[in-house]
Amino acid sequence: IWPLFLTCSFIPYATYMLYLHKKNRSFSNYRKNKTKHYFIFSVIMGIFWFGSLILYSKASRLIGSLGPVVVWPLFMIFIILSSFFVSVVYNEWKGSNKKTKTVLYSGLGLLLLAIAILTYSSLRAVS
């Protein structure tokens, strides 16, 4: 299902990207100095993204009928947690106020609780 889904979802995204580049006249940004490393990072990001889909598909099949029910939410949670980790490394939350950080850490706590619940429920369903 992934090749068909990804091809069909690529079309509107690519169309909108081209529209925005034309509207903002930003195609020339690709030829600026010191942008080569961005192309390298985008290829690495694509490899990691596609690799994560492959790992998700494999894990989902290994679990069996509960695979999509258990693994997809875990997959989404780990995407959020890994992006949060990167944002902490790059100090993206440095200027945030206390209320924002409280909401952030509460949400992360709920995600960790969800991991525990999904793990427990999948173990109970298998046994």
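Basis of the calculations
- Residues numbered from 1 in each chain as written.
- Predicted model: local features only at pLDDT ≥ 70, side-chain atom pairs only at ≥ 80, totals over all residues.
- Heavy atoms only, no water.
- Helix = DSSP H or I, 4+ residues; strand = E, 2+ residues; numbered from the N terminus.
- Buried < 20%, exposed > 50% of the residue type's maximum accessible area, 1.4 Å probe, protein only.
- Polar contact = N/O pair within 3.5 Å; in protein donor to acceptor, adjacent residues only side chain to side chain.
- Contact = heavy atoms within 4.5 Å.
- 1 Å grid on protein atoms, 1.4 Å probe; cavity = no way out; pocket = protein on both sides within 12 Å on 5 of 7 lines; lining within 4 Å.
- Points joined across faces, edges and corners; volume = space filled by probe spheres on them.
- Nonpolar A, V, L, I, M, F, W, Y, C, P; charged D, E, K, R; others polar.

Concerning unusual backbone geometry
At Lys 34, a position not held by glycine, the phi torsion is positive, near 65 degrees. Along the chain, Lys 34 turns up in the loop between α1 (2-24) and α2 (36-63). Residue Lys 34 is classed as exposed on the basis of its relative accessible area of 74%. Notably, Asn 91 is not glycine yet its phi reads approximately 55 degrees, a positive angle. Position of Asn 91 among the secondary structure elements: in the loop between α3 (67-89) and α4 (98-126). A relative accessible area of 51% places Asn 91 in the exposed class.

A closer look at the side chain of Ser 26
Structurally, the position occupied by Ser 26 is in the loop between α1 and α2. The exposure class assigned to Ser 26 is buried, which follows from its relative accessible area of 13%. A polar atom in the side chain of Ser 26 sits 2.6 Å from the side chain of His 21. The residues touching Ser 26, leaving out its near neighbours within four places in the chain, are Leu 20 and His 21.

As for the layout of surface pockets
Of the volumes computed, that of the largest pocket is approximately 520 Å³. What lines the largest pocket is a set of 16 residues, and nearest its centre among them are Phe 48, Ser 52, Phe 78, Ile 79 and Ser 82. Of all elements in the fold, only α2 and α3 reach the threshold of two or more residues within the lining of the largest pocket. Per-class residue counts for the lining of the largest pocket are 13 nonpolar, three polar and no charged. Among the elements that line the lining of the second largest pocket, the one with the most residues is α1, at six residues. Here the lining of the second largest pocket is composed, by residue class, of six nonpolar, one polar and no charged.

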